[in-house]
Amino acid sequence: MKTPAALHLSRIGTPIICVAILGLLGLISLAEAAPPFSHADIESDDGITLSSKWRYHAGDDAAWAEPDFDDGDWEWVDSTLPAAELPRDGWTDIGWFRTRIAVDSTLWNTPLALEDRIHFGTSQIYLNGRLVQSFGTVGTGRDESEVHWGYVKPFLFDAQTDQLIAVRYKNPSASEFHSTWGMAGFLLKLANLEKAIDGAIEKQTSARTNQLILAGIPFLLSCLHILLFLSYPQSKKDLFYAICTALYAAAIFCLYQVYPVGLSTESLHYPYLLRLFFQLYVLASVMTLRFVYALYCDRCPRMFWIFLVAGIGMGFATWSRPLENLLLFGIFCLVTYLEISRIVLTAILARKREAWIMGIGFLALILGGSHDFLVKLDIIPPVVGDLNSFTFPLGLLGLLTSMSIYLARSVAKAKRDREFVQHAFGHYLAPAIVDQIIANPDMVDQLGGEVRDMTAFFSDIASFSTISECLTPHQLVRFINEYLSEMCDIIEAAGGTIDKFEGDAIIAFFGAPIYFEDHAVRATLACIDQQKKLEELRQRWEPENGLPPALQELRTRWEGEGRVFTHVRMGLAAGPMVVGNMGSQSRTDYTMMGDTVNLAARFESGQKIYGTGIVINDQIYAQVKDLVEARKLDVIQVMGKEEPVIAYEVLDRRGALSPAKERVLDLYNQGMKAYEAFQFTEARNLFKQALEIDPEDGPSTLYADRCEEYAATPPADLIFRAQTK
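Treat the numbers as computed from the prediction; the structure is a model and nothing was measured.

K.L.:
Tell me about the sheet that holds strand S5 (residues 112-119), residues and numbers included.
P.N.:
Spatially, the four strands line up as an open sheet ordered S1-S10-S5-S8, and their pairing is antiparallel. Because the sheet does not close on itself, it has two edges, and the strands there are strand S1 (48-49) and strand S8 (152-155). Where S5 meets strand S10 (residues 186-192), seven bridges bridge the pair, whose relative direction is antiparallel. Within the sheet, the bridge partner assigned to Leu114 lies in S10 and is Leu190.

This is the structure:
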């Protein structure tokens, strides 16, 4: 049993021991507590970034700004509101954040800077119950959030150690920011006011300068090459370069808008700008690939269309969920640039002209992109700025500059090539051939004979020697030049190439050097257009328009005899022929030769006995029969050939005949059926009926006479064997 004294001591000792224990814990707590913020912390380079852990409560109540309000039951949340660490009940557009900090007397009533290092909404900042600052306007409805990032506000601590900072924060578009940035809240920083203002101005100036340079230069390059393309549309390389450069300029502009710095409270839609940056950059990468293909590939490979479709799909993916698809975006761009690098490296190894310039540009892009990637991983420090490393845009600018230099040197080289080609070939090659050689200088080494399926064209003015006798040399030159100019314009407009002139005769071909699948159709329609143009020329050559008297007298006499003045015979034949640069070492000519060519020439000259204007072979007829009005003319065995060919006469485009001519054509076709059935008397009667409608129809005249002869002496076959060329 304890004595009374012992009992007394125990009663006194127990409280003392408890107080001692509590005092010891207090000392330990004070020893472990962070010291209050001081002026030295503010003056450091980084200033003071307030902790992202705040007390939080959803909703809106002005009492929550008061320092004596008990927030002990509020949950702790990350003020940046990361998508993976939202409050227990999620984010409900508006809520309050509270935190307590300790500051020593060196910061009391000292002007400071409050910076929003991250800020995706609008907010009001309260200090010890007083509204001291705001970022944007916190409205009562679901107004669109303003985004502020790096803006500087003046701030002043009260003269007390314990300070309560409360933030009334609103962001009704949190889901948009989560899908773009992964967070939707704020992060505040305290710094020296003068340094913060100077730093913000410097950052703003630097950012706008970089934006102007890195986006402005590509934009100017794009405009320059658009003008070059408009002046020379054949240069698709300039067009592709202008498109990809314009896309890069727009992407860089958006990238800098995503990282705003300054002193204003301008409202910008940064989630959409970031999405737009992804879209533009993907398209720019694909168009860069198209540009490189245009430089080093004869035709656009199918691989480009795969990249294009994948790029469009990537665009949709990054627009809907840019952050979640960021890795996929990076992989796509990496694969695209690897394909570009493969093409450029192949060109360098193949010693393509000045491909090394493109190689330097892509090396700059790779170095800039690698540096930017390493900076983001904190492996090396950034070169410029604390928001983002600008080395990747600089590398991109290096690539675009090298591309422009390459094109500029190509233009200079093309000019020299043009002068050389025009001097060497311009006197005997058609302009279309010269242009193609200029666009593809390597073609000079490839010119030579090759077999192609083409259409040969021959034309000649009937009785031109008689016409020329009525003209003086000067008049003859003027007359023939006018005629040849009109006819050749039509041929070249249809894609034909003038081979040569032989007096009034025109020799041309369709399908070389530029090949068209429809060369036979083009040639046939060109012949119809030439015959119509001749009708216009005859009207132009009326007496009042000044034909020489001797020629006008000849024209009047011919028309009185039922002959057409300046009747032109045109022969067409499609089939295989040899085309290329042929001749001697000192004199060459880009021309054609072969049996098909000879057949076209025979068709032109053989029309004298038929009185026709356009004759084609059966290979052409098979392609144009649904487009033109035509009739079977004869089965002909030309001199020097064993196999007969079927010749057809082309009259006009489908549906363009007059009713009288349609009736003549119908009677003629009936007569041909009877003729081919060896019913010569019936055939003769049908041809005679056609001549009653049109006495000048040459084929009906020929067959009426032939049927009369065959009715008396039937032939063994109906093949016409030509005795002359």
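Anyway, onward from the coordinates.
K.L.:
Give me the lowdown on the environment of Ile217, citing residues and values where you can.
P.N.:
Turning to its location among the elements, Ile217 is positioned in helix H4 (residues 193-231). In this structure Ile217 comes out as partly exposed when scored by relative accessible area, which is 34%. With 28 residues separating them in the primary sequence, Ile217 and Thr245 have C-alpha atoms 9.3 Å apart.

K.L.:
I'd like a description of the environment of Trp541, backed by residues and values.
P.N.:
Position of Trp541 among the secondary structure elements: in the loop between helix H15 (519-540) and helix H16 (549-560). Exposure remark for Trp541: the relative accessible area of 6% places this residue in the buried category. Each C-alpha atom, one on Trp541 and one on Gln552, is 8.7 Å from the other, the two residues being eleven residues apart in sequence. Not counting residues within four places of it along the chain, the set of residues in contact with Trp541 comprises Phe479, Glu482, Leu547, Gln552, Arg555, Phe565 and Thr566.

K.L.:
Before we move on, can you summarise the sheet that holds strand S6 (residues 122-127) with the specific residues and values?
P.N.:
Sheet strands associate in pairs through backbone hydrogen bonding, adopting either a parallel or an antiparallel arrangement. Read across the sheet, six strands follow the order S3-S2-S4-S9-S6-S7 without closing on themselves; strand pairing throughout is antiparallel. Two strands close off the open sheet at either side, each with one partner strand: strand S3 (75-78) and strand S7 (130-135). Along the sheet, successive strands turn relative to each other by an average axial angle of 30°, direction set aside. Summarising the sheet, S6 and S7 pair through five bridges and their orientation is antiparallel. For Tyr126, the partnering residue across the bridge sits in S7 and is Leu131.

K.L.:
Let's hear about helix H19 (residues 659-676): which residues, and what values?
P.N.:
Each α-helix turn comprises 3.6 residues. Residues three or four places apart therefore point the same way. Between its first and last C-alpha, H19 extends 26 Å over 18 residues, near the 26 Å set by a 1.5 Å rise per residue. Tucked into the core, H19 has its buried residues touching strand S17 (628-637), strand S18 (645-653), helix H20 (680-693) and helix H21 (698-712). Immediately beyond the C-terminal end of H19, within one or two residues, lies Phe678, with a positive phi of roughly 65°.

K.L.:
How would you summarise the pairing of strand S2 (residues 53-58) if you had to cite specific residues and measurements?
P.N.:
Bridge count between S2 and S3: four bridges; the pairing is antiparallel. Paired with Lys53 across the strands is Asp78, a residue of S3. Strand direction decides the pairing type here: S2 and strand S4 (residues 94-102), joined by four bridges, are antiparallel. What sits directly across from Ala58, in S4, is Gly95.

K.L.:
Got a sec to walk through the nonpolar core? Specific residues and values, please.
P.N.:
Within the largest apolar cluster, 70 residues are counted, with the highest numbers of intra-cluster contacts made by Phe97, Phe157 and Val167. It is helix H6 (residues 270-296) that contributes the most residues to this core, 17 residues altogether. If we skip the residues at most four places from it in the chain, Phe157 touches Ile101, Val103, Leu107, Trp108, Asn109, Leu112, Leu127, Gln163 and Leu190. Counting 44 residues, the second largest nonpolar core, distinct from the first, contains Leu471, Ile491, Trp558 and Val650.

K.L.:
Which residues make up the environment of Phe219, and what values go with them?
P.N.:
Position of Phe219 among the secondary structure elements: in helix H4. By relative accessible area, Phe219 is classed as partly exposed at 46%. In this structure, the C-alpha to C-alpha distance between Phe219 and Ile243, residues 24 residues apart in sequence, is 9.8 Å.

K.L.:
Can you lay out the packing of H19 against H21 for me, pointing to particular residues and giving the numbers?
P.N.:
The description of two helices packed together rests on the angle between their axes and the distance between the axes. One can describe the packing of H19 onto H21 by two numbers: an axis separation of 11 Å at closest approach and a directional angle of 25°. Accordingly, the angle class assigned to the pair H19 and H21 is roughly parallel. Along this stretch, H19 crosses H21, giving a crossing that reads as left-handed. For the pair formed by H19 and H21, the contact residues are Tyr668, Met672 and Tyr675 on the first element and Pro699, Ser700, Tyr703, Arg706, Cys707 and Tyr710 on the second.

K.L.:
Account for the confidence of the model for the protein chain, naming residues and giving values.
P.N.:
For the protein chain, per-residue confidence averages 80 on the pLDDT scale, and residues scoring 70 or more make up 77% of the total. At the level of individual helices and strands, the protein chain shows its lowest average pLDDT in helix H1 (residues 4-32), which scores 37, and its highest in strand S16 (residues 614-617), which scores 97. Predicted confidence is poor over residues 1-33, with pLDDT under 50, and the contacts of this stretch with residues over four places away or in other chains come to two contacts. Predicted confidence for residues 384-389 stays below pLDDT 50, and this span has 13 contacts to residues more than four positions away or in other chains.

K.L.:
Tell me what's going on with the packing of aromatic side chains, and back it up with residues and numbers.
P.N.:
Any aromatic ring pair is given by two values, namely how distant the centres are and how the planes are angled relative to each other. A full pass over the atoms with the stated rule returns 30 aromatic pairs. For the pair Tyr56 and Phe97, a centre-to-centre distance of 5.1 Å together with 45° between the ring planes defines the contact as tilted. Here Phe97 lies in strand S4 and Tyr56 lies in strand S2, a separation of 41 residues in the sequence. Taken together, a centroid distance of 6.4 Å and an interplanar angle of 55° make the contact between Phe307 and Phe332 tilted. Here Phe307, found in helix H7 (residues 302-320), pairs with Phe332, found in helix H8 (residues 326-349); they are 25 residues apart in sequence, far enough to count as distant. By the burial criterion, Phe307 is buried, and Phe332 matches it. Put simply, the rings of Tyr668, Tyr675, Phe678, Phe680, Phe687, Tyr703 and Tyr710 touch in pairs and so form one group of aromatic residues. A cation sits over an aromatic face here: Arg522 above Phe516, 3.6 Å from the ring centre. A cation over an aromatic ring shows up here: Arg631 above the ring of Tyr668, its NZ or CZ 4.4 Å from the ring centre.

How each quantity is defined
Residues numbered from 1 in each chain as written. Predicted model: local features only at pLDDT ≥ 70, side-chain atom pairs only at ≥ 80, totals over all residues. Heavy atoms only, no water. Pairing = 2+ DSSP bridges. Helix = DSSP H or I, 4+ residues; strand = E, 2+ residues; numbered from the N terminus. Buried < 20%, exposed > 50% of the residue type's maximum accessible area, 1.4 Å probe, protein only. Contact = heavy atoms within 4.5 Å. Axes fitted to C-alpha atoms, helices over the stretch in contact; angles between N-to-C directions. Expected span 1.5 Å × (residues − 1). Core = buried A, V, L, I, M, F, W, Y, C linked by side-chain atoms within 4.5 Å. Parallel < 35°, antiparallel > 145°, perpendicular 65-115°, else oblique. Left-handed = near helix turned anticlockwise from the far one by under 90°. pLDDT = per-residue confidence, 0-100. Phe/Tyr/Trp six-rings, centres within 6.5 Å; stacked < 30°, edge-to-face > 60°. Lys NZ or Arg CZ within 6 Å of the ring centre and 35° of its normal.

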